[in-house]
Amino acid sequence: MSVEDQRAGSRVSRPEIRLVRRGFTDPAQAVRLLAGPGLEGLADDPVLLDALGATADPDLALLGLARLLEAADEQDRHTLRDTLTTSKPLRDRLLGVLGASAALADHLARHPHDWHALVTFELRDMHPGPDDFRRALDQGVRGHGVPDRPDALRVAYRRCLLAIAARDLTGTTDLAQTAAELADLAGATLQTALDIAAEQDPEAARSCRLAVIGMGKCGGRELNYVSDVDVIFVAEPQEGVDEHEAVKGATRLAAALTRICSDTTGEGTIWPVDANLRPEGRNGPLVRTLASHLAYYQRWAKTWEFQALLKARPVAGDAELGAAYLDALAPMVWQAAARENFVADVQQMRRRVIDSIPATELDRQLKLGPGGLRDVEFSVQLLQLVHGRTDPALRSGNTLEALAALSRGGYVGRADAVSLDTAYRFLRSLEHRIQLHRLRRTHLMPKAEGDQRRLARSLAPLINDDTRADPVAALQREWRRHSVEVRRLHEKLFYRPLLDAVAELPTGAAGLTPDAARARLEALGYADPAAALRHLSALASGVSRKAAIQRTLLPVLLGWFADSADPDAGLLNFRQVSDALGRTPWYLRLLRDESAAAEQLARVLSAGRLAPDLLLRAPEAVAMLGDPQGLAPRGRPALEQEILAAVGRADTAATAVAAARSVRRRELFRTAAADVLGRLGDDPAEALDAAGEALTALNAATLQGALRACTAGWEARHGELPTRIAVIAMGRFGGRELGYGSDADVLFVHEPLLGSLDQDAARAAQAVCHELRTLLGAPSTEPPLLVDADLRPEGRNGPLVRTLASYAAYYRRWSHAWESQALLRAEPVAGDAELGERFRQLIDPLRYPGTGVPERDVVEIRRIKARIEAERLPRGADPTTHTKIGRGGLADVEWTVQLLQLRHGHELPALRTTRTRAALAAAVGAGLVGAEDAAVLDAAWVLASRVRSAVMLVRGRPGDSFPAEARELSGVARYLGYGTGHSGELVDDYRRTTRRARAVVDRLFYDG
C-alpha cells in the first residue's frame, strides 16, 4: 500500500479508496447506495464499478441506477441486473446516460420500463430516421397506457431522447448525426402533435391543408437537446372550403399543436414551439396562405428574414404544400445578397446580438459571445447567401454541410474549413452536454467546478489534453483555444479568399475566381469592385516580404473597411499610405504586431476625407497610432514650444511659417483621428468640447509662431520692430469652440514703443500682420489657416491693425450694438500678453454694460438677426437643416445666449465667459433660463456643431448643411453614432431637436 493510500485509509475505508480511484467524489454515499436495495451483490463487481467509473459523473450514474432499480418491478429489476452484468453495450449506454443527465435519470425513475428503449434503438450500423421516430412516438401515444394523449407523447418523446443520448454518449454517433436525429425526432413529434390536434378538432382538419416549416436548427437538421423549435405555418383551403374558414381552422390546429408541445404538465414540456420567425413576427397572424407569405416577402421582408429562410425545411403536415412553399420562396432567398446594405444589415444584426449579452455572461457564452457558435453560423450563412446566388452546391441549411461545400468550392481555404469544423463540433458538443444534464435550454458554461468536471470527463475524446490530472483546467484550455480560433477565422473567413483571387498563389491552391471575388466585394458594400481588386492585386501580389505581410493584414483590414460608410475610399487610402511607407521597416511591422494600430488606421482611412488627406501629406504620422497615448491632445504649452522651436530654426519668415503649418497639419491629424476613433470622450458633448479646445490651442500656437516668424523677418530687413502686437481671437476661436473647418476670426491691436513714430509703428504692424495672414493662407501642401479680420472696426474697409487708443476712440464714438455682441467672444490668444490684457479691460464695459443693454439695442439685435435669417441663407438651402443660420441652429442658440450676457453680464460674473455652453449653464444657475429650456438649447447647439464637424471630417471641406451625396451622408451618420442605412433617422432627429430649440428661441430671444 502506498503512503497516500495509508493516509487515506486513516480517513476512509478500503472500498471507498477503490471508488475514489475510479472517479467517485462522494465515496461514502456510493458505498451506501451499493449496499442498498436493488444493488445487492454488485458492490464488488469490478466490471460494473469500472463501467461506473468511466462515466462523466460516477456518483450521478450510481444514484440514477439505484433509483431505477428501486422503481422497477421485481421481474424488470432482475432482467436489468442480468443485462448490466452480461451486456457491455447496454451497460455502457445506460450508465453513460445516467452519468451525464440527471433529467433523464428522473425520467427513468418515473418510467423504469423505458430502459428497454436502449435495446430497441441498438442500431450500430443504421441511423434512426423520421419514420423510425414516427413509429416509436405513435406506438407510445397509442400503446403505453397513458390515458392523456399529449402526456403520452411527452413520455414517448423522452423515451426516444433517451436512446439518442445513449448513442451520443457512447460514441455510436457523432455530433452531426446526433443533431440530425434530434431534428428528425422534433419533426416526428410535430407530426404526431398535429395528428392529435386533428383528432381533437376534426372540423378544422377537414377544412385545410396545413404544412409545418421547420426553421433554425430544426430546419437545418442540427438541433440541440433542448431548444425552441422554430416553425412557420402555411395553409391552403381544401377543395370547396372558403379561404377565410380554412385559415381559421388551420390556426386552431397550429395553436393546438403548439400547446401540446409547449405546455408544462407532470411530464414536463417537450420544448417550446416558436413561430415568431413568421411574417410580422408575433404581431402577425399565426397562419397564412402561401400567397400571403409570398406577398409579404416580396414587399416587406427584411434581410434577416431571408437569412432565416435559408434553413427552412418542411417537417410536418402536408408535404406537397411544404414543398410548394420552398419552391416559391427559394429564389428570393438566393437573391437577398443583392439587397441594399445586405452585408451591413447582417453584420449589424451580429453586433446587436453581442451587445445584448449581459456583461456578467459574456465570458460564459458558448453561443452568442465572440468566438462562439453564432460567429461560425453567421460567417457561413453570409458566404452562402453571397455565393449561393450562382452556386447551387452551397444551398444547404446545415452549417457543417454548408461549410464543407464552401471549402470544396474554394470559397473557404481547406485548412480554415477543417479548423472551423473542428471548433464548431467541439463547441456544439459542449453545449449539448451542458443542456443534457438538466434538459434545460442554456448556452452558458456552468460556474460550479463539479459541473465542469462532469463536462470534461464526458468530452475527454474531444479534448487535445490530458483530462486525468485536472479535467477542469483541460476543459477550459480547450474551450478558450477553440473560441480564439473561431474568432480569428470569423474575421478572416469572408475576406481571405479575396486575396487568393488576386495574389500569385502556389499551383493547385484554391481561391475565388475573379467574378466571385467581385461579387463578394460588391456584397460587402464596395461601390467599385473592379478598382478594389486592382488595389488588392497591387498590395498583395508577389513573393516579397512586403506582399506576404500585406496578405496577412488585408483580410481583417477589408472587414474594417467594409464596416464603414465608404469601403472604397478606405482601401484606396490604405494603398496610398502603403505605397508611401511600404519600404519603411517600422510601418508594416507596426501594423502586423500592433492590431490596435492596424484597426485604428483602417477606421481613420475609411471615415472620410479630412484625416486621410492630412495623413497622406505626411504618412509617417501613422506612427502615433502605435502609441497608447499617441492620440491624446497635447495642450497649448507643448504645441507652442515645438512650433517656436521650429520657427527659430528657419532662415526666412516663409520657411518658418511653413514649419509651423507642418506641425499644425500633424496635430490636426492627431485631433481628427482621435475624434473619429471616439478617443476624445465617451459623451458627445464632452468630445465636442475636447475637440474645440484642441483646435483652439493648435491655432493659437500656430498664430504665435507665425507672428514670431513675421516679426523676425521684418526685423531682419528693417531693424527692431517699433511696436508691440497682440492677436485677439473672436467668434468660435475666442469661444474655444473651433470646428475643423473654422476660420480664425481675429482682431489685431498694436501699441508703438516709447519713442517710435506712430506712422512708422502703424506701417510696421500692418506689414507684419498682412504677411502673417498671407503666409498662413498661401497655397501649399499644408492645410491653410485662414485668418479673418473682418470683425474689426469698419470691417474690411478699415485698417487691418489699430492701436489700443484707436480702438478706444472708435468704440467710444461709433460702436454699434452688433459690435458689442461680437466682443462677447473676444479673447487674447497670441502676441504681447500685457497688451492683450489691456485690450480685454478696454472692451469689458462695452460687452458687459453697467446699466445693461439699452432696449433700442435689443431691438436692433433682433432686427439684424431676422435680416440674416431672411437674406443670408444660401439659395436652395433647407432652413430646417442648415446648421448655422437655419431654424434652431447655431446662430439661434448663440444669439439667445449672447443677448442674456449683454443684459445681465454686468451683474453676474459667471456670465462673463466667451464659451456658449458655459454661459448657458451660468444663465440656468442665475435663474434666467429654465433647466429644461437650457437642455433643449444645449442639445441643439451640440448636435449642430457635431454635424458641422462631421461634414468637414467626411467631405474634407466645410459645409453648413447635410451632404446631398448618399455615401457622404452615411459617413456623417456613422460619425454621429447612427448605423448604416439610418441616415434618414439622423436627419429626422436633427429636425426634431432644432424644432424644439427654435420654440425656446422664439420665447427667450424674440419675446423675452
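Residues numbered from 1 in each chain as written. Predicted model: local features only at pLDDT ≥ 70, side-chain atom pairs only at ≥ 80, totals over all residues. Heavy atoms only, no water.

Chemist: Honestly, the overall build of the protein chain in this entry has me stumped. Any pointers?
Modeler: What the protein chain contains, in helices and strands, is 46 helices and 10 strands. A principal-axis box enclosing the C-alpha atoms of the protein chain has dimensions of 125 × 80 × 60 Å. Across the 1008 residues of the protein chain, 55% fall into the buried class. Here the analysis covers contacts within the protein chain between residues at least 6 apart in sequence; of these, 72% occur between residues at least 24 apart. Accessible surface computed for the protein chain: about 42100 Å², of which carbon and sulfur atoms make up 50%. Side-chain charges in the protein chain split into 129 positive and 133 negative, and the spacing between the mean points of these groups amounts to 3 Å. (Helix = DSSP H or I, 4+ residues; strand = E, 2+ residues; numbered from the N terminus. Buried < 20%, exposed > 50% of the residue type's maximum accessible area, 1.4 Å probe, protein only. Contact = heavy atoms within 4.5 Å. Areas by Shrake-Rupley, 256 points an atom, 1.4 Å probe, with all protein chains shown as cover. Lys, Arg positive; Asp, Glu negative; His and termini not counted. Charge placed at Lys NZ, Arg CZ, Asp CG, Glu CD.)

Chemist: What should I look at first to understand the pairing of strand β2 (residues 229-237) in this one?
Modeler: Within a regular beta strand, the side chains point alternately toward one face of the sheet and then the other, so they alternate between its two faces. In terms of residue burial, β2 counts as a mostly covered element, since seven of its nine residues are buried. Relative to strand β3 (residues 273-274), β2 runs parallel, the two sharing two bridges. Across the sheet, the residue bridging to D230 is D274, located in β3. In this view, the connection linking β2 to its parallel neighbour β3 by way of helix α15 (residues 243-262) has right-handed handedness. One ladder, built from three bridges, connects β2 with strand β4 (residues 287-289); its direction is parallel. The residue bridging V234 from the neighbouring strand is R288, located in β4. (Pairing = 2+ DSSP bridges. Right-handed = clockwise from strand over helix to strand, strands pointing away.)

Chemist: What's the story with the packing of helix α8 (residues 102-110) against helix α11 (residues 149-169) in this structure? I'm lost.
Modeler: Packed helix pairs are characterised by how far apart their axes lie and by the angle those axes make with each other. Remark: α8 packs on α11, axes separated minimally by 11 Å, with the N-to-C direction vectors making an angle of 130°. Here α11 runs oblique to α8, going by the angle between their axes. In the crossing of α8 with α11, the sense of the turn from one axis to the other is left-handed. Residues L104, H107 and L108 of α8 lie in contact with α11, whose contacting residues are V155, R158, R159, L162 and A165. Classifying every residue of the contact of α8 with α11 gives five nonpolar, one polar and two charged. (Axes fitted to C-alpha atoms, helices over the stretch in contact; angles between N-to-C directions. Parallel < 35°, antiparallel > 145°, perpendicular 65-115°, else oblique. Left-handed = near helix turned anticlockwise from the far one by under 90°. Nonpolar A, V, L, I, M, F, W, Y, C, P; charged D, E, K, R; others polar.)

Chemist: Explain helix α46 (residues 983-1006) here, please?
Modeler: What sets the pattern is the α-helix's 3.6 residues per turn: residues three or four places apart point alike. Between its terminal C-alpha atoms α46 stretches 33 Å, which fits the 34 Å expected from 24 residues at 1.5 Å a residue. What α46 keeps buried is the set S983, L986, V987, Y990, T994, A997, R998, V1000, V1001 and F1005. As for α46, its buried residues are in contact with α41 (855-871), α42 (890-904), α44 (931-955) and α45 (966-975). (Expected span 1.5 Å × (residues − 1).)

Chemist: Looking at this structure, how should I read the pattern of salt bridges?
Modeler: Note on pairing: side chains with opposite charge can pair once their charged atoms come close. Here the structure, examined in full by the defined rule, presents 73 salt bridges. Between R135 and D132 there is a salt bridge, with the nearest N and O atoms lying 2.8 Å from each other. With R135 and D132 both in helix α10 (residues 130-143) and three residues apart, the pair spans about one turn of that helix. With a shortest N-O distance of 3.1 Å, R209 and D318 are connected by a salt bridge. One end of the pair, R209, is in strand β1 (residues 208-214); the other, D318, is in the loop between β5 (313-317) and α18 (319-333), and 109 residues separate them in sequence. Using a relative accessible area of 23% as the deciding quantity, one classes R209 as partly exposed. Shared partners join several salt bridges into a network, and the residues in it are R634, E642, R666, E667 and R670. (Salt bridge = Lys/Arg side-chain N within 4 Å of Asp/Glu carboxyl O.)

Chemist: Hey, could you run me through the side chain of R665 in this one?
Modeler: Tracing the backbone shows R665 in helix α34 (residues 653-676). Here R665 falls in the buried class, since its relative accessible area comes to 5%. In terms of polar contacts, R665 uses its side chain to reach the side chain of E782, at 3.1 Å. Not counting chain neighbours up to four residues away, the residues in contact with R665 comprise L614, R617, A618, E782 and P783. (Polar contact = N/O pair within 3.5 Å; in protein donor to acceptor, adjacent residues only side chain to side chain.)

Chemist: How should the packing of aromatic side chains be read in this particular structure?
Modeler: What characterises a pair of aromatic rings is the spacing of the ring centres plus the angle enclosed by the ring planes. The tally for this structure, following the rule as stated, stands at 10 aromatic pairs. On the basis of an interplanar angle of 80° and a centroid distance of 5.4 Å, the ring pair of Y296 and Y297 is categorised as edge-to-face. Here the two residues Y296 and Y297 agree in accessibility, since each one is buried. Plain terms: the ring middles of Y810 and Y811 are 5.7 Å apart, the flat faces sit at 70° to each other, and that makes the pair edge-to-face. Given a relative accessible area of 9%, Y810 falls into the buried group. For Y811, a relative accessible area of 6% puts it in the buried group. By way of ring pairs, the aromatic residues Y807, Y810, Y811 and F839 are connected into one cluster. One cation-aromatic arrangement involves R480 over W479; the distance from NZ or CZ to the ring centre is 3.9 Å. (Phe/Tyr/Trp six-rings, centres within 6.5 Å; stacked < 30°, edge-to-face > 60°. Lys NZ or Arg CZ within 6 Å of the ring centre and 35° of its normal.)

Chemist: Hey, could you run me through the confidence of the model for the protein chain in this one?
Modeler: The predicted structure's coordinates, where accompanied by low pLDDT, should not be read in detail. Counting all residues, the mean pLDDT for the protein chain is 89, and 94% of those residues have values of 70 or more. Low pLDDT (under 50) marks residues 1-10, which in the prediction has six contacts with non-local residues, meaning those over four places away or in another chain. A low-confidence stretch, residues 502-510 stays under pLDDT 50, and its non-local contacts, those more than four residues away or across chains, total 14 contacts. (pLDDT = per-residue confidence, 0-100.)

Chemist: Where do I start with the packing of α10 against α11 in this structure?
Modeler: In the contact formed by α10 and α11, the axes pass within 8 Å of each other and the chain directions differ by 140°. The angle between α10 and α11 places the two elements in the oblique class. Classified by chirality, the crossing of α11 by α10 is right-handed. Residues F133, A136, L137, G140, V141 and R142 of α10 touch α11, and the partners they reach there are R149, A152, L153, A156, Y157, R159, C160 and I164. Here the residues of the contact of α10 with α11 are counted per class, giving 10 nonpolar, one polar and three charged.

Chemist: Would you explain the nonpolar core in this entry?
Modeler: The nonpolar side chains of a soluble globular protein tend to be buried with one another. F574, L703 and F748 are the most contacted members of the largest nonpolar core, which totals 93 residues. For this core, the element with the most residues is helix α35 (residues 684-718), which contributes 13 residues. Every residue in contact with L703, bar those within four places of it in the chain, is listed here: V727, F733, V746, L772, L776, L785, V787 and A830. In terms of nonpolar packing, the next biggest core, distinct from the first, is built from 84 residues, A100, L118, C208 and I270 among them. (Core = buried A, V, L, I, M, F, W, Y, C linked by side-chain atoms within 4.5 Å.)

Chemist: Looking at this model, I keep getting lost on unusual backbone geometry. Mind explaining?
Modeler: With the exception of glycine, most residues fall at negative phi, and the peptide bonds are largely trans. Its identity is not glycine, yet E280 carries a phi of approximately 70°, on the positive side. Structurally, E280 can be placed in the loop between β3 and β4. Look at E794: it is not a glycine, yet its phi comes out positive at around 70°. Following the sequence through the fold, E794 ends up in the loop between β8 (787-788) and β9 (801-803).

Chemist: Honestly, the environment of Y1006 in this entry has me stumped. Any pointers?
Modeler: The topology assignment puts Y1006 in helix α46. Separated by 110 residues in sequence, Y1006 and T896 place their C-alpha atoms 8.7 Å apart. Apart from residues lying up to four places away in sequence, Y1006 is in contact with R862, K865, A866, E869, R998 and V1001. Side chain to side chain, Y1006 and E869 meet in a polar contact 3.0 Å long.

Chemist: Is there a simple way to explain the environment of V97 in this structure?
Modeler: The residue V97 is located in helix α7 (residues 88-100) in this model. Residue classification places V97 among the buried residues on the basis of a relative accessible area of 0%. As for V97 and G64, which are separated by 33 residues in sequence, their C-alpha atoms are 9.2 Å apart.

Chemist: Looking at this model, I keep getting lost on the pairing of β1. Mind explaining?
Modeler: When you tally the buried positions in β1, you get six out of seven residues, the bulk of the element. With seven bridges joining them, β1 and β2 adopt antiparallel strand pairing. Within the sheet, the bridge partner assigned to I213 lies in β2 and is I232.

Chemist: I tried to follow the side chain of S396 on my own but got confused; where do I start?
Modeler: Within the secondary structure, S396 sits in the loop between α20 (373-387) and α21 (399-408). Within the structure, the side chain of S396 is placed 3.0 Å from the side chain of E401, a separation counted as a polar contact. Setting aside residues no more than four positions away along its own chain, S396 makes contact with L310, Q384, E401 and A402.

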